[in-house]
Amino acid sequence: MRVFWAGAVAAGLLAGPGSAPGLQPEAASPSARIVIDVGHGGVDGGTTYGTILEKDINLAVGLKLLSVLQSRHVPTSINRTKDYALSDDNPGKNGGRHRRDLAQRVEVANKLNPAFMLSLHVNWTSNPSRSGPLVIYRKNQQAGKRLALRLQQELNRLYGTETEPVASKSYYVLTHSRVPSVIVEMGFLSNKKDRQLLLSPQFQQKLADSIAKASMDALKEDFPSSAGSKKNRAAK
Ligand SMILES: [Zn+2]
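Residues numbered from 1 in each chain as written. Predicted model: local features only at pLDDT ≥ 70, side-chain atom pairs only at ≥ 80, totals over all residues. Heavy atoms only, no water.

## Some words on the overall build of the chain
To be explicit about the condition: In this text, helices come from DSSP runs of H or I with a minimum length of four residues, and strands from runs of E with a minimum of two, each type numbered from the N-terminal end. Only protein chains enter the calculation, and the probe is 1.4 Å; a residue is then buried if its accessible area is under 20% of its type maximum, exposed if over 50%, and partly exposed in between. It only takes one pair of heavy atoms within 4.5 Å for two residues to be counted as in contact.
Secondary structure assignment for the chain yields nine helices and eight strands. Residues classed as buried in the chain amount to 53% of the 236 residues present. A fraction of 77% describes how many contacts in the chain between residues 6 or more apart in sequence connect residues 24 or more apart.

## Some details on the side chain of Asp-101
Counting through the fold element by element, Asp-101 comes out in helix 4 (residues 97-112). Accessibility expressed as a relative area gives 2% for Asp-101, which makes it buried. Not counting residues up to four positions away in its chain, the partners in contact with Asp-101 are Ala-85, Leu-86 and Ser-87.

## Topic: helix 8 (residues 201-221)
Just so we agree on the cut-off: In this scheme, a helix's expected span is set at 1.5 Å multiplied by one less than its residue total.
Over its 21 residues, helix 8 runs 30 Å from end to end, which matches the ideal 30 Å to within 8%, given 1.5 Å per residue. Within the sequence span of helix 8, burial applies to Phe-203, Gln-204, Leu-207, Ala-208, Ser-210, Ile-211, Ala-212, Ala-214, Ser-215, Met-216, Ala-218 and Leu-219. Tucked into the core, helix 8 has its buried residues touching strand 1 (34-38), helix 3 (54-71), strand 5 (116-123), helix 5 (142-159), strand 8 (181-188) and helix 7 (192-199).

Have a look at this one:
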């Protein structure tokens, strides 16, 4: 973990209202209420369409989401602010690069212990007509399910869809994270209309705004914290 903390501070990853370059990450970490997990990075591009790489869309929306949440005084951490693989932070672990990458994401969430973690991704399927957002939560995890419902509802509103969130027990990040976590598939790279939307900075901002709204509603209604609400009141 020391490697992660050092890298995280250098890259400004442990972002939050109290954090600044040079601040001890241990001081910043307890305040994180939301962790943004930016899917893929570095050698791992995620899903692709021509030269379009999922990792870049995830990062673009992730940074916008971080900025919205910070502007609303929600203590938030993000696990990458640049294009690199998280497995590079986790060289000592056993297993292949992909597994090390996922393990690092889980380790960051477990260490920071936020109310929840949002994993940002872009979907792909062989059926080019399939489109829209899809939120995935861990099967039988009620907190994750409520969060997924809120996120799906906001994203449905944005896309004009009526999709239901999906339960799964086959995603490493969902099953290994000790904090409630959801995977937010923000649209399909395999669908022409979604693809155009996902590449538009204006739409990326709308995605960030929708995810932020659902997340803040969830924090308020489902994950209350006396320290957090006091801080929020003081900030208003
Ligand atoms: Zn992905």
